[in-house]
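Examining the three-dimensional arrangement
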Amino acid sequence: MNKKIISPCISICRTDPVTGFCYGCARTNEEKKKWKDENTTYDWKEENLKIIITRMQGWQLGTFKESYDHKKNNGISLFKKKTIREQIIINRFSSSPYHSSDILKLDLKVLFLAKTKK
């Protein structure tokens, strides 16, 4: 059985210059690289997920947990989902001939595609 852990990236990718931790997922740049490496083990990822959660507190921890749970269940983080929706709306009102029903269809298609990439 091939175990898989979803990346903790929640699409808020900015590194704190003092701590070196990402504001969104609390990983270092080296940890981010290691998550992408196909040779990184399930056990390392599982342990790293526990470590990064201990780096967070308060609203950051709450926001991370909510968005990460959404990503695990739906294939897309809340921030990325919101960004895609906003872009669809901007395109709709700028020059797009789409109607609101078309926006809903596009939104559902994006969510479906994100979920199938798991």
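Everything here concerns the structure above.
So, here's what we can say about the structure. (Residues numbered from 1 in each chain as written. Predicted model: local features only at pLDDT ≥ 70, side-chain atom pairs only at ≥ 80, totals over all residues. Heavy atoms only, no water.)

**Looking at helix 3 (residues 58-74)**
The line we're drawing: Think of it this way: any DSSP run of H or I at least four residues long counts as a helix, any run of E at least two long counts as a strand, and we number them from the N terminus. The length a helix should cover is 1.5 Å for every residue beyond the first. Only protein chains enter the accessibility calculation, which uses a 1.4 Å probe; a residue is then buried when its area is under 20% of its type maximum, exposed when over 50%, and partly exposed in between.
Here helix 3 spans 24 Å end to end across 17 residues, near enough to the 24 Å set by a 1.5 Å rise per residue. Three or more residues of helix 3 are buried, namely Gln60, Leu61, Phe64, Ser67, Tyr68, His70 and Lys71. Directly beyond the C-terminal end of helix 3, a positive phi value near 85 degrees is found at Gly75.

**Things to note about helix 2 (residues 42-54)**
Rule in force here: As used here, the arc belongs to the directions running from the helix axis to the C-beta atoms. Contact between two residues is taken to exist if any of their heavy atoms lie within 4.5 Å; hydrogens are not considered.
Across its 13 residues, helix 2 extends 19 Å between first and last C-alpha, which sits within 8% of the 18 Å expected from 1.5 Å per residue. Residues of helix 2 that are buried: Lys45, Asn48, Leu49 and Ile52. For helix 2, the buried positions fall inside an angular range of 110 degrees around the axis, keeping them on one side. The outward face of helix 2, more than 90 degrees from its buried face, is lined by the exposed residues Asp43, Lys50 and Thr54. For helix 2, the elements touching its buried residues are helix 1 (29-36) and helix 3.

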